[in-house]
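# Coordinate analysis (summary)
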Amino acid sequence: MFQVKKMHRKWLESSLLERIQVKAMLYQFVYEVERQRQANGKDYVKPDLVEQVVRYIQESYSQPITLSSIAEQFNYSVAYVAKQFKNKTGNSLIDFLIRTRIDKAQELLLYTEASLQEIAAGVGYADLSYFIRIFKKTTGVTPGNFKTLAQARVKESDRPKIRLRLSNAGWTERSYIVNEYDNHYQYNREGDSPMYRNTRMSMGAAMLLCLVLMLSACSSGNSSVNSASASTSPAATVQTQTSSPDADPNSLSTRVYKDSQGHEIEIPESPQRIVLQGNSIGDLLALGIEPVGIDRRFIEESVYLDQEKTPAQDIGFPTNLETVVSLEPDLTMLGYAMDKQYEEISKISPTVVFDQNAPLSERLPLIGEIVGKKAEAEQLLADYNSKAEAMWNGLRQEGRIAEGETAVVLIYYWDKTMYLMKDGGVPNLLYHPLGYKMSDAVQAIEPAEGAPYIEVSPELMHEMLIGDHLFVMYPADADAEKSFNELLKTALWSTLPAVKSGKVTFVESKWNYDDMLTSSKLLDELPQMMAH
């Protein structure tokens, strides 16, 4: 077990080339285990059911998992699997699943720069607020506070997460995970949808990257991809580079681009094969560009699902380098960059980092500049702004919004958690200069320390949902609808001023994104939503 942990730690901390050594260690380990087995004359014994379930969860925790799906996987009844697991481990199966996911989330928090949303999705929780809630119930702290505590102790221990993680004794059954349908909300679509299924790089891909490195080392020094600059600049600059008279006329013309992290890279003027890491897919599609590789988590529940002419390859999360190599990109765009990713991916293709969380008005021209369509991006923004003004002016002329009228936005989840939203795709449009105002009371409310959103309890609705018009966002699934209908029947809800005046608009949460495609479609949909 010590050898396995050592290989795992080295694999996480090593560079791409050093991982080849880890594979050699693995082959030696497998050889030694098999040699000892044959020497002892012991035949292979099939693990019992519980051991198989444990192994399955440890390998598939990022997938949607329920008691029912486990029982179906191993061809047993739900009751039998639950009983066997509890008898042997002392914990419920779902409790073990949650612990496995939170353990992995702790690793990602400590050893990567991934955002909370990325970590939540990577360990099997599509709903960020649910992930934060269950993380705190499991560990006693929020993910943000956990990372802060770990960083404070990093000098005291090589593995601070071991000291912060709960011990086995701390795990007890909880009433909220007894139901076999717990985690059912994570089923986004039928079929396989793990976030980590492609994280291991094949030996062939590793050797290919080694060959690229050797060729680069032997080149004359006019490398097409410069190393990362030591300085960091938020501004991005572009310098067109002309081809020499003897250059191949069929080759792509290039230019030198300085990205948001200060890397100076030679990139194509008009890239043809783009791999995108991040959630800006709708921006590229709006510009008429279909990337060859994306993280498909960000498109499965989008309003523009199935609008790709040729569906892009799923590069997974974390990004599968082997898949990127196979796609042969001429440009890779990173909306975020995890630890050592830039170094590794830039060996495959020219790689640019940009801020995917920048406002649409700043982000779209930047993306347009990267892909050689800056003028088109600026025109898209101009058209959007004109259309938004026309929409709000039309609503005012129809008397559907009055001067100085305020609005407040609530997002509701299937597990009955609610959050006050002050930004995002829907709030950003509602608080347009010609749209609704935000009340002073709502402006003054801030999220609790370590929380990304402002949580609203039923008892505090009257103190927090202050606005003439209430907009309620909700996920379109049966669980959310059922629990939300229960809230609608309560006296606390029915006595809200906006509810009593009939000024409540319901919006599916899939509209709460600010990419250009979603934002443009929302301009057409919002007046219709408000009419109901």
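## Thoughts on the overall build of the protein chain
Counting its regular elements, the protein chain contains 24 helices and 13 strands. Relative to its full complement of 532 residues, the protein chain shows a buried share of 47%. Pairs at least 24 residues apart make up 66% of the contacts formed inside the protein chain by residues separated by at least 6 positions. Surface accessibility of the protein chain: about 27,000 Å² in total, with carbon and sulfur atoms responsible for 51%.

## Here's the deal with the sheet that holds strand β12 (residues 469–474)
Taken together, the 5 strands give an open sheet; going across it, the order is β11-β10-β9-β12-β13, and neighbouring strands pair in mixed fashion. Edge strands, defined here as strands with exactly one partner in the open sheet, are β11 (454–456) and β13 (504–508). For this sheet, the mean angle separating the axes of adjacent strands, direction not counted, is 30°. The pairing of strand β9 (residues 407–412) with strand β10 (residues 418–421) spans 4 bridges and is classified as antiparallel. Bridge pairing links Val 409 to Met 421 in β10. Its contacts with the sheet put helix α24 (residues 516–531) on β12 and β13, and the angle it makes with β13 is roughly 135°.

## Focus: the environment of Ile 345
By the secondary structure assignment, Ile 345 is in helix α15 (residues 341–345). Counting along the chain gives 26 residues from Ile 345 to Thr 319, while the straight-line C-alpha distance between them is 9.5 Å. Discounting residues that sit within four places of it in the chain, Ile 345 has contacts with Gln 277, Leu 321, Thr 332, Leu 334 and Thr 351.

## Thoughts on the packing of helix α16 (residues 360–370) against helix α17 (residues 374–397)
With their axes 7 Å apart at the nearest point, α16 and α17 run at an angle of 155° to one another. Put simply, α16 runs roughly antiparallel to α17. For the element pair α16 and α17, the recorded crossing hand is right-handed. Taking contact as the criterion, the partners of Leu 360, Ser 361, Leu 364, Pro 365, Gly 368 and Glu 369 in α16 are, on α17, Lys 374, Ala 377, Leu 380 and Leu 381. Its residues assigned to classes, the contact of α16 with α17 comprises 6 nonpolar, 2 polar and 2 charged.

## What about the side chain of Asn 320?
Tracing the sequence through the fold places Asn 320 in the loop between β6 (313–314) and α14 (321–327). Given the relative accessible area of 3%, Asn 320 is considered buried. Looking at Asn 320, its side chain comes within polar contact range of the main-chain nitrogen of Glu 322, at 2.8 Å.

## With respect to the packing of aromatic side chains
Within this structure, the stated rule accounts for 9 aromatic pairs. With a centroid separation of 5.2 Å and 15° between ring planes, the pair formed by Tyr 76 and Tyr 80 is classed as stacked. According to the relative accessible area criterion, Tyr 76 is partly exposed, its value standing at 39%. Residue class for Tyr 80 comes out partly exposed when judged on its relative accessible area of 37%. Of the aromatic side chains, those joined through ring pairs into one cluster are Tyr 125, Tyr 130, Phe 131, Phe 135 and Phe 146. The ring of Tyr 125 carries Arg 101 above its face, with NZ or CZ at 5.1 Å from the centroid. Between Arg 297 and the ring centre of Phe 317, over which it is positioned, the NZ or CZ distance is 4.5 Å.

Calculation rules
- Residues numbered from 1 in each chain as written.
- Predicted model: local features only at pLDDT ≥ 70, side-chain atom pairs only at ≥ 80, totals over all residues.
- Heavy atoms only, no water.
- Helix = DSSP H or I, 4+ residues; strand = E, 2+ residues; numbered from the N terminus.
- Buried < 20%, exposed > 50% of the residue type's maximum accessible area, 1.4 Å probe, protein only.
- Contact = heavy atoms within 4.5 Å.
- Areas by Shrake-Rupley, 256 points an atom, 1.4 Å probe, with all protein chains shown as cover.
- Pairing = 2+ DSSP bridges.
- Axes fitted to C-alpha atoms, helices over the stretch in contact; angles between N-to-C directions.
- Parallel < 35°, antiparallel > 145°, perpendicular 65-115°, else oblique.
- Left-handed = near helix turned anticlockwise from the far one by under 90°.
- Nonpolar A, V, L, I, M, F, W, Y, C, P; charged D, E, K, R; others polar.
- Polar contact = N/O pair within 3.5 Å; in protein donor to acceptor, adjacent residues only side chain to side chain.
- Phe/Tyr/Trp six-rings, centres within 6.5 Å; stacked < 30°, edge-to-face > 60°.
- Lys NZ or Arg CZ within 6 Å of the ring centre and 35° of its normal.

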